[in-house]
Amino acid sequence: LLSTNTKCTITPMTNIQGTGKSQFLRFAAALCPRSVLTTGVGTTSAGLTCAAVREDSGKEFVLEAGALVLADKGVCCIDEFGCIRKEDRTTIHEAMEQQTLSVA
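The model shown is predicted, which means the values in this text are computed figures rather than measured ones.

K.L.:
Describe in detail the pattern of salt bridges, supporting the description with residues and values.
P.N.:
It is possible for side chains of opposite charge to pair when their charged atoms get near one another. One pass over the full model with this rule turns up two salt bridges. One salt bridge in this structure joins glutamate 87 and arginine 85, with 3.3 Å as the shortest N-O distance. Classification of arginine 85 as partly exposed rests on a relative accessible area of 44%. In this structure, the salt-bridge partner of aspartate 88 is arginine 85, at a minimum N-O distance of 2.9 Å. Classification of aspartate 88 by relative accessible area gives buried; the value is 5%.

K.L.:
Just give me the short version of the pairing of strand β5 (residues 61-65), but keep the residues and values in it.
P.N.:
Two strands pair when backbone bridges link them, and strand β4 (residues 50-54) and β5 are joined in this way by five bridges, in the antiparallel orientation. Bridge pairing links valine 53 to valine 62 in β5. Counted between consecutive antiparallel strands, the loop separating β4 from β5 contains six residues, among which glycine 58 sits at a positive phi close to 85°.

So, how was this worked out
Residues numbered from 1 in each chain as written. Predicted model: local features only at pLDDT ≥ 70, side-chain atom pairs only at ≥ 80, totals over all residues. Heavy atoms only, no water. Salt bridge = Lys/Arg side-chain N within 4 Å of Asp/Glu carboxyl O. Buried < 20%, exposed > 50% of the residue type's maximum accessible area, 1.4 Å probe, protein only. Pairing = 2+ DSSP bridges. Helix = DSSP H or I, 4+ residues; strand = E, 2+ residues; numbered from the N terminus.

The following block contains the structure:
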């Protein structure tokens with residue numbers, strides 16, 4: 001999956017082993033000055049959008065940017081896209097269709 005701020009492109013890549021899919025994504029990420037390369041294995045909605053993290057003081061929360069936020073106006077490459085859980089894919093669909101991210 002290659003995603004930019006103004007345009008989303010899903011690059012269809014078959015499940016045929018040995019075709020260099022991971023190398024292609026690494027190369028695409030290296031070409032863009034603002035890019036994030038991640039894997040779908042163990043990916044969550046919070047990891048893609050943002051996560052609420054408690055500060056050291058223990059009283060307040062701050063938001064930490066996820067992969068899609070860090071790749072804003074750049075490229076987000078997600079390897080092993082099929083491994084993302086179905087409920088976490090809705091986050092990616094919103095980003096691709098509406099170019100927005102919702103934090104609930």
